[in-house]
Amino acid sequence: MHSTPSDPAIPKRPVPVRPLSIRYMGFACTSAGRAYRLRVEGPGDPREFTLMILNGAFESRQARFQDAPELCFARLQRELAINAELPDGSELVITPGELDEYRDAQLKKSPDRKTRTLRTWP
């Protein structure tokens, strides 16, 4: 007796779940700060999110422009770990506490990395 593909005795392979992929889509300057757009692709329709870093964070040197996309990426990953169904179009604001955590984590990765001070010209 031969089994056919529709035979219930043959275990079906689970359909692989496509992992989430997060892509940086750029930023826009607003009166409040920089709005970073990230696109999440995976199971279901793609979703886009906006993560805001307020101008004051850059002005006070709590955030660096070159670190901002990575910081936003990490925040969105945490949010999706808590709520995988985070709705498309959600807007999140990076908090001062998150900026401090990111900076501390970067310093632990590279202890000889020093904070740069801006030169002022006479």
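In the block above lies the structure referred to throughout.
Residues numbered from 1 in each chain as written. Predicted model: local features only at pLDDT ≥ 70, side-chain atom pairs only at ≥ 80, totals over all residues. Heavy atoms only, no water.

Participant: Describe the overall build of the protein, and please don't skip the residues or the numbers.
Facilitator: In terms of regular secondary structure, the protein is built from three helices and four strands. Listing every helix and strand of the protein by position from the N terminus yields β-β-β-α-α-β-α. Taken over 122 residues, the protein has a buried fraction of 27%. Taking as baseline every contact in the protein between residues at least 6 positions apart, the subset at least 24 positions apart corresponds to 42%. Of the accessible surface of the protein, which amounts to about 9200 Å², a share of 56% is contributed by carbon and sulfur atoms. (Helix = DSSP H or I, 4+ residues; strand = E, 2+ residues; numbered from the N terminus. Buried < 20%, exposed > 50% of the residue type's maximum accessible area, 1.4 Å probe, protein only. Contact = heavy atoms within 4.5 Å. Areas by Shrake-Rupley, 256 points an atom, 1.4 Å probe, with all protein chains shown as cover.)

Participant: Before we move on, can you summarise the packing of aromatic side chains with the specific residues and values?
Facilitator: Using the criterion set out here, one finds three aromatic pairs in the structure. Plain terms: the ring middles of phenylalanine 27 and tyrosine 36 are 5.5 Å apart, the flat faces sit at 35 degrees to each other, and that makes the pair tilted. For tyrosine 36, a relative accessible area of 1% gives the class buried. Ring centres 4.5 Å apart and planes at 20 degrees place the aromatic pair phenylalanine 58 and phenylalanine 65 in the stacked group. In this structure an aromatic cluster arises from ring pairing among Tyr24, Phe27 and Tyr36. (Phe/Tyr/Trp six-rings, centres within 6.5 Å; stacked < 30°, edge-to-face > 60°.)

Participant: With reference to specific residues and values, describe the pairing of strand β3 (residues 47-54).
Facilitator: One ladder, built from eight bridges, connects strand β2 (residues 33-41) with β3; its direction is antiparallel. Directly across from glycine 33, in β3, lies its bridge partner leucine 54. Turn length for the β2-β3 hairpin, with the two strands adjacent in sequence and antiparallel, is five residues, and the turn residue glycine 44 shows positive phi of about 85 degrees. (Pairing = 2+ DSSP bridges.)

Participant: For the pattern of salt bridges, give the residues involved together with the corresponding values.
Facilitator: Considering all chains together, one arrives at nine salt bridges under this definition. One salt bridge in this structure joins arginine 75 and glutamate 79, with 3.0 Å as the shortest N-O distance. Highlighted residues: arginine 75 and glutamate 79, both in helix α2 (residues 68-82), separated by four residues, approximately one helical turn. Connected via shared salt-bridge partners are Arg23, Arg37, Arg39, Glu41 and Glu48. (Salt bridge = Lys/Arg side-chain N within 4 Å of Asp/Glu carboxyl O.)

Participant: Summarise the sheet that holds β2; cite the residues concerned and give the values.
Facilitator: As summarised here, the arrangement of the four strands in space is β1-β2-β3-β4, forming an open sheet in which the pairing is mixed. Only two strands of the sheet have a single partner each, and these edge strands are β1 (21-29) and β4 (91-93). Strand-to-strand twist across the sheet, computed as the mean angle between neighbouring axes with direction ignored, equals 25 degrees. Pairing analysis gives eight bridges linking β1 to β2, with the strands arranged antiparallel. Residue pairing in the sheet places arginine 23 in a bridge with arginine 39 of β2. (Axes fitted to C-alpha atoms, helices over the stretch in contact; angles between N-to-C directions.)

Participant: How would you explain the side chain of glutamate 41 if you had to name every residue and give the values?
Facilitator: Residue position: glutamate 41 is located in strand β2. For glutamate 41, a relative accessible area of 19% corresponds to the buried category. A polar contact of 2.7 Å, which involves the side chain of glutamate 41, links it to the side chain of arginine 39. (Polar contact = N/O pair within 3.5 Å; in protein donor to acceptor, adjacent residues only side chain to side chain.)

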